[in-house]
Amino acid sequence: MEGGPEKGRVPRQKMPEQPPLVRARNFNEVPLGYSPEMALLEAGRCLQCKKPTCMTGCPVGVKIPEFVKLIREGEFVAAARKVKETNALPAVCGRVCPQEVQCEGSCVLAKKGEPVAIGHLERFCADYERRTDQVCLPVKAAANGRKVAVVGCGPAGLTVAGDLILRGYQVTIFEALHKPGGVLVYGIPEFRLPKEIVDSEIRYLQSLGVELRPNMVVGTSLTVKELMGEMGYDAVFIGVGAGLPQFMGIHGEELCGVYSANEYLTRANLLKSYRFPRYDTPLARGRNVAVVGGGNVAMDSVRTALRLGADNAFIVYRRSIEEMPARREEVHHAQQEGVQFKLLTNPVEVIGDERGWVKALKCIRMELGEPDAKGRRKPVPVKGSWFDLPVDIVVIAIGTNANPLLTSSMQELKLNEHGYIVTDPEGRTSVPGVYAGGDIVTGSATVIQAMGAGRRAANAIHKDLGGEAGPPEACSGTLQP
Amino acid sequence: MHRMVIEAPLLAKKVQPGQFLIIMADEEGERIPISVADWDASAGTITIYFLEVGVSTMKLAQKNAGDGLYAVVGPLGRPAKLAKYGTVVMGGGCYGIGAITSIARALKEMGNRVIVITEARSKYLLYNREALRAIADEYIEATSDGSTGIKGKVQDVVQYVIYREKVDLAYFIGCTFMMMNCSNATKGKGLRTLVALNTLMLDGTGMCGVCRVNVGGQTKFACVDGPEFDGHQIDWLGVFHRKSMYLQEELLAYQYHSCRALRPTDQEGK
Ligand SMILES: Cc1cc2nc3c(=O)[nH]c(=O)nc-3n(C[C@H](O)[C@H](O)[C@H](O)COP(=O)(O)OP(=O)(O)OC[C@H]3O[C@@H](n4cnc5c(N)ncnc54)[C@H](O)[C@@H]3O)c2cc1C
Ligand SMILES: Cc1cc2nc3c(=O)[nH]c(=O)nc-3n(C[C@H](O)[C@H](O)[C@H](O)COP(=O)(O)OP(=O)(O)OC[C@H]3O[C@@H](n4cnc5c(N)ncnc54)[C@H](O)[C@@H]3O)c2cc1C
Ligand code: SF4
Ligand code: SF4
Ligand code: FES
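Residue numbering note: each chain is counted from 1, following its sequence as written. To read the labels, note that chains go from A and ligands from 1, taken in the order they are written. Only residues with pLDDT of 70 or above have their local features reported here, since the model is predicted, and side-chain atom pairs are shown and tallied only from 80 upward, although totals for entire chains, interfaces and linings are computed over all residues. Calculated side-chain values reflect all of the structure's heavy atoms, with hydrogen atoms and water omitted.

Residues and elements named next belong to chain A. Closest axis-to-axis distance for the helix 4 (residues 64–72)/helix 7 (residues 118–131) pair is 11 Å, and the angle between their directions is 60°. In this view, helix 4 runs oblique relative to helix 7, as classed from their interaxial angle. With respect to the hand of their crossing, helix 4 and helix 7 are arranged in left-handed fashion. On helix 7, the residues touching Ile64, Phe67, Val68 and Ile71 of helix 4 are Ile118, Leu121, Glu122, Phe124 and Cys125. The nonpolar class holds Ala, Val, Leu, Ile, Met, Phe, Trp, Tyr, Cys and Pro. Asp, Glu, Lys and Arg form the charged class, and all remaining residues, Gly among them, are polar. Its residues placed into classes, the contact of helix 4 with helix 7 shows eight nonpolar, no polar and one charged. Axis definition: a line fitted to C-alpha atoms, limited for helices to the stretch in contact. Angles are taken between N-to-C directions and run from 0 to 180 degrees. Numbering of helices and strands runs from the N terminus, with a helix taken as a DSSP run of H or I at least four residues long and a strand as a DSSP run of E at least two residues long. Here the word oblique covers every angle except those under 35 degrees (roughly parallel), over 145 (roughly antiparallel) and from 65 to 115 (roughly perpendicular). Handedness of a crossing is defined here by the sense of rotation of the near helix relative to the far one, left-handed for an anticlockwise turn of less than a right angle and right-handed for a clockwise turn. Here a residue-residue contact requires only that any non-hydrogen atoms of the pair lie within 4.5 Å.

See the structure below:
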């Protein structure tokens with residue numbers, strides 16, 4: 001096969017997208033997915049390397065050449081199952097992984113600027129399997145009589161639940177919100193990750209026997225001690241994310257019209273404010289919206305603002321576009337849709353009117369100074385360069401911290417100086433029988449990293465409870481009706 | 001004023017005076033905070049009181065005995081700080097008449113002398129009277145129209161009480177305006193004053209920040225740091241502003257849903 005006639009000449013297949021000015025006003029998904037023909041062409045570009053560097057870039061080691069080969073052979077469902085051996089949520093990861101710094105960034109073809117579109121292919125085969133109703137229920141190990149409680153239903157918790165249910169454990173997920181999915185449902189918007197996909201993953205886990213208990217705030221409704229004590233769980237996994245919003249501490253942040261990104265996105269996504277008044281939760285629709293920050297969360301917020309009808313949606317970021325932590329693709333999408341970037345700009349005050357509403361964001365221009373310890377050039381204010389950006393909504397997306405609600409209810413749990421849970425590399429906390437992973441251990445990271453942590457913790461739980469080592473039989477292909 | 005008894009055995013076992021729940025009437029509903037007024041751990045029930053002011057409380061009011069609620073979360077918030085203070089004067093208005101009941105009882109059980117004042121526009125709007133009368137060492141009613149008790153408001157009666165005798169703590173729950181006025185009434189005497197704020201809320205777990213208030217120059221989240229705060233330290237103007245954020249939307253939603261309620265067969269595509 002090496003060096004077939006077409007090899008290298010087929011360009012990377014671009015995924016079709018809704019046209020920018022259309023999509024900027026609706027909440028439907030932006031990239032439309034590959035057709036089977038495009039998937040075949042794209043899969044054909046993979047060199048099937050003997051030493052696939054792409055795999056080293058994937059935090060969970062998806063068997064990339066193998067699943068791509070299956071796509072090339074037209075075995076789309078088999079390809080999806082191959083991915084699922086190491087990644088339980090391919091339809092999600094194919095959409096939201098920062099592939100450019102992970103798998104695709106490590107593909108040998110990346111050097112020439114056109115890596116194999118691994119994420120698109122992953123999404124394609126997972127969507128194909130789901131849409132054609134070929135998702136299989138794998139064979140579960142016989143019940144082993146052990147009970148595990150999972151706290152938090154984000155990617156980390158979902159992974160633990162999925163891994164352990166297959167190994168014969170009885171698994172219950174306790175989730176504080178009324179809907180499961182974590183950031184996947186309350187944070188990442190519909191136009192980037194349709195909720196139908198998350199719902200179908202949850203249904204899949206439920207059909208395997210995972211019990212879901214929404215509206216349970218562990219730390220107040222229940223404590224970990226009670227879970228391990230009278231409720232009889234043999235182990236508890238904590239995957240509660242890092243959901244405490246940071247504010248800037250500048251004057252005027254309490255004004256009406258100032259949102260944390262968590263609030264803004266939760267209203268829009270989880271509570272479906274964009275369908276107000278049919279859904280009861282309101283969200284202010286500004287004509288001019290400023291979003292402060294430069295990460296994925298900021299991009300999601302600003303693109304949501306556009307879709308809610310803003311005439312002008314600004315990103316206010318204190319460094320330049322190169323330093324933005326958001327994925328390239330998201331920045332690019334935002335630009336196409338008409339988001340205006342106020343770079344090298346730092347807010348210093350939110351100015352209000354007499355009714356207590358935001359009227360403007362006072363900013364100062366910045367320039368990049370000397371590189372700091374991490375090599376990032378530090379922004380410094382340009383003297384006297386203040387200006388007012390007239391806006392009626394300000395969304396603050398400058399990051400989150402660890403939420404102390406659960407951890408403060410467990411004095412014996414070791415935390416680091418920022419309040420994150422300290423674990424060993426396999427997810428064991430300082431309390432025997434209690435494991436943790438995802439954003440509550442690492443701070444805000446990525447979906448796939450949270451899933452990787454979940455998998456390691458599931459393995460550790462299995463090992464510590466005396467189970468056989470080795471990965472679960474994820475999707476053996478053996479169908480159960 | 002509506003009274004609702006919710007079957008929630010786990011919650012009834014856990015709840016402490018001063019805590020609240022987040023309730024969603026149905027899947028499209030808002031998540032609204034509601035104080036726990038009373039509970040019965042052995043029966044596994046929780047009692048709440050609410051006033052129909054907008055869509056969410058309207059939806060709650062439309063429920064019949066035996067109906068389910070889409071979501072009930074809790075207990076949330078810090079429990080009331082209970083201790084032996086000495087003499088405590090408590091004021092309740094609106095849903096706060098219900099909300100102070102369990103706190104009053106707990107304070108009484110700890111050996112405090114408890115004076116309870118309740119207010120309403122008119123006599124027929126007062127409720128929970130027997131329970132409060134039984135708990136309090138002194139129970140005073142105030143009505144705006146003078147139809148029973150003293151003609152006036154809690155803020156007026158409080159001034160009289162603290163003039164009359166030495167009081168060690170004041171505690172108020174009711175609408176924001178009432179809590180502010182009462183806090184102002186105790187400020188001159190430097191009487192330690194606690195109120196339970198009713199800010200806007202969403203998750204109730206510290207995740208969104210909508211409930212933030214400025215207390216003594218610091219930003220606090222009412223759902224996890226409160227709802228109980230020092231009434232003399234609160235930036236009341238800020239609280240009023242933030243509460244008014246969705247006035248227009250609330251009105252629109254109320255009209256929309258009242259109309260829909262009249263046409264129950266209306267099938268709008270989901
Ligand atoms: C807007 C936004 C966009 C993002 N975009 C991307 C992206 O494009 N790509 C990417 O890879 N990553 C992205 N991320 C990051 C990624 O979503 C997170 O790293 C990941 O979701 C972390 O997973 P987790 O399981 O640790 O926690 P979460 O997803 O945060 O889930 C934690 C869950 O625990 C629940 N919980 C919290 N406290 C309690 C409690 N006391 N009791 C019970 N339940 C509790 C929460 O309600 C939540 O459901 C984004 C994040 C945000 C906010
Ligand atoms: C910790 C906490 C505990 C609470 N406990 C209770 C409780 O036990 N019982 C209860 O009824 N409410 C309680 N509230 C207030 C309650 O959450 C709101 O009344 C509710 O969100 C109203 O929702 P809605 O959709 O019906 O009205 P909305 O449409 O949200 O509001 C309609 C209008 O009524 C105004 N309004 C809101 N609340 C009140 C009020 N209490 N009195 C007068 N006007 C008001 C609003 O400002 C708005 O203009 C509590 C709030 C908090 C934060
Ligand atoms: S899980 Fe993410 S990083 Fe791994 S192969 Fe898939 S898209 Fe790439
Ligand atoms: S490195 Fe790139 S070309 Fe090589 S196997 Fe992986 S995806 Fe294919
Ligand atoms: S209600 Fe969301 S942080 Fe308090």
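Residues and elements named next belong to chain B. Spatially, three strands are ordered 3-2-6 in an open sheet, and the strand pairing comes out antiparallel. The sheet terminates laterally at strand 3 (32–35) and strand 6 (71–76), the two strands that pair on one side only. Within this sheet the neighbouring strands show an average axis-to-axis angle of 30°, counted without direction. Only strands that DSSP links by at least two bridges are regarded as paired with each other. Bridge analysis of strand 2 (residues 20–24) against strand 3 gives four bridges, and the strand direction is antiparallel. The residue bridging isoleucine 22 from the neighbouring strand is proline 33, located in strand 3.

Residue and element names in this part refer to chain B. Any residue with a non-hydrogen atom lying within 4 Å of a molecule or strand is treated as near it. Looking at ligand 2, there are 21 residues lining it, with Pro33, Ser35, Tyr49, Thr57 and Leu247 nearest. Pairs of N or O atoms are called polar contacts if they sit within 3.5 Å, as long as, within protein, a hydrogen donor faces a hydrogen acceptor (for residues adjacent in sequence, only side-chain-to-side-chain pairs). Here glycine 54 contributes a backbone N or O atom positioned 3.1 Å from an oxygen atom of ligand 2. Separating an oxygen atom of ligand 2 from a backbone N or O atom of serine 56 is a distance of 2.9 Å. Within the complex, the protein chains bury 83% of what would otherwise be the 900 Å² of accessible surface of ligand 2. Lining residues are those with an atom within 4 Å of a point, where the points come from a 1 Å grid over the protein atoms alone and group into cavities, where a 1.4 Å probe fits but cannot get out, or pockets, open sets with protein on both sides within 12 Å along at least five of seven lines. In this description, a molecule resides in a pocket or cavity if more than half of its atoms sit within 2 Å of the grid points defining it. At a threshold of 2 Å from the grid points, most atoms of ligand 2 map onto the second largest pocket. Breaking the shell around ligand 2 down by element, the ones donating at least two residues are strand 3, strand 5 (45–50), helix 2 (55–61) and helix 9 (247–262). Ranked by the residues each element gives to the shell around ligand 2, the list is headed by strand 3, at four residues. Of the residues in the shell around ligand 2, the class split is 13 nonpolar, six polar and two charged. Using a 1.4 Å probe, accessible areas were evaluated by the Shrake-Rupley method; residue-level cover was limited to the displayed protein chains.

So, about a nonpolar patch on the surface. Residues Met1(B), Leu51(B) and Val53(B) make up a contiguous nonpolar surface patch of roughly 260 Å² in combined accessible area. Structurally, Met1(B) is set in the segment before strand 1 (2–7). Residues enter patches when their relative accessible area tops 30% and they take part in no salt bridge; the joining distance is 9 Å for like charges and 5 Å for the nonpolar side chains Val, Leu, Ile, Met, Phe, Trp and Tyr. By definition, a salt bridge exists where a carboxyl oxygen of Asp or Glu is found within 4 Å of a side-chain nitrogen of Lys or Arg.

Quick look at the layout of surface pockets now. Residue and element names in this part refer to chain B. Of the volumes computed, that of the second largest pocket is approximately 1,300 Å³. Lining the second largest pocket are 48 residues, with Pro33, Val53, Asn198, Thr199 and Lys243 positioned closest to its centre. Looking at the lining of the second largest pocket, the elements that each hand over two or more residues are strand 3, strand 5, helix 2, helix 3 (96–109), strand 11 (169–173), helix 6 (176–187), helix 8 (236–243) and helix 9. With five residues, helix 9 is the largest single contributor of residues to the lining of the second largest pocket. Grid points are joined across faces, edges and corners, and a volume is the space filled by probe spheres set on the points.

Once that is clear, we can look at the nonpolar core. Side-chain atoms within 4.5 Å are what join buried Ala, Val, Leu, Ile, Met, Phe, Trp, Tyr and Cys residues into a set we call a nonpolar core. Each residue gets one of three labels from its accessible area relative to the maximum for its type: buried under 20%, exposed over 50%, partly exposed in between, using a 1.4 Å probe on protein chains only. Phe67(A), Ile71(A), Leu121(A), Tyr259(A), Ile315(A) and Ile461(A) are the most contacted members of the largest nonpolar core, which has 119 residues in total. The leading source of residues in this core is helix 17 (residues 447–464) of chain A, at eight residues. Residue contacts for Ile71(A): discarding those within four places in its chain leaves Ala39(A), Leu40(A), Ala43(A), Phe76(A), Ala79(A), Leu121(A), Phe124(A) and Cys125(A). Counting residues in hydrophobic clusters, the runner-up holds 54 residues, among them Leu389(A), Ile115(B), Ile140(B) and Val239(B).

Residues and elements named next belong to chain A. Overall, antiparallel pairing links the three strands, which are arranged 10-11-12 in an open sheet. Both outer strands of the open sheet, strand 10 (345–352) and strand 12 (377–390), are each paired with one neighbouring strand and no more. Strand-to-strand twist of the sheet, defined as the mean angle between neighbouring strand axes without regard to direction, takes the value 20°. Examined bridge by bridge, strand 11 (residues 358–371) and strand 12 share nine bridges and lie antiparallel to one another. Within strand 12, the position partnered with isoleucine 364 by the bridge is tryptophan 386.

Let's shift gears to the domain arrangement of chain B. All names here are of chain B. Reported domain spans reflect what an automatic or database domain assignment gives. With domains assigned, chain B is organised as domain 1 (2–76) and domain 2 (85–196). Taking the mean C-alpha position of each, domain 1 and domain 2 sit 24 Å from one another. Of the residues lining the interface, nine residues belong to domain 1; the matching set on domain 2 comes to eleven residues. In this description, buried area is defined as the sum, over both parts, of the accessible area (probe of 1.4 Å) that is lost when the two are combined. Surface buried jointly by domain 1 and domain 2 totals about 740 Å² across both partners, of which 63% is contributed by carbon and sulfur atoms.

This part is about the interface of chain B and chain A. At the junction of the two partners, chain B supplies 42 residues and chain A supplies 46 residues. For the pair chain B and chain A, the summed buried area comes to about 3,800 Å², and 58% of that belongs to carbon and sulfur atoms. Taken together, chain B and chain A are joined by two salt bridges. The tally of links from chain B across to chain A stands at 15 residue pairs in polar contact (both at pLDDT 80 or more). Elements that contribute at least two residues to the side of chain B that touches chain A include exactly helix 1 (9–14), helix 2, strand 6, helix 8 and helix 9 of chain B. The class makeup of the residues in the side of chain B that touches chain A is 20 nonpolar, nine polar and 13 charged.

All names here are of chain A. By the assigned domains, chain A splits into domain 1 (20–136), domain 2 (139–243 + 402–469) and domain 3 (247–400). Contact residues are listed per partner, giving 24 residues for domain 1 and 19 residues for domain 2. Together domain 1 and domain 2 conceal approximately 1,900 Å² of surface at their shared face, both sides included; 71% is due to carbon and sulfur atoms. Run the count over domain 1 and domain 2 and you get four residue pairs in polar contact (both at pLDDT 80 or more). Looking at the side of domain 1 that touches domain 2, the elements with two or more residues in it are helix 6 (90–96) and helix 7. Among the elements that make up the side of domain 1 that touches domain 2, the one with the highest residue count is helix 6 (five residues). Broken down by class, the residue content of the side of domain 1 that touches domain 2 amounts to 15 nonpolar, four polar and five charged.

Let us look at helix 2 (residues 36–44) of chain A. Residue and element names in this part refer to chain A. Residues of helix 2 that are buried: Met38, Ala39, Glu42 and Ala43. Along the long axis of helix 2, the arc covered by the buried residues comes to 130°, so they all point the same way. Of the surrounding elements, those touching the buried residues of helix 2 are helix 4 and helix 7. The directions from the helix axis to the C-beta atoms are what the arc is built from.

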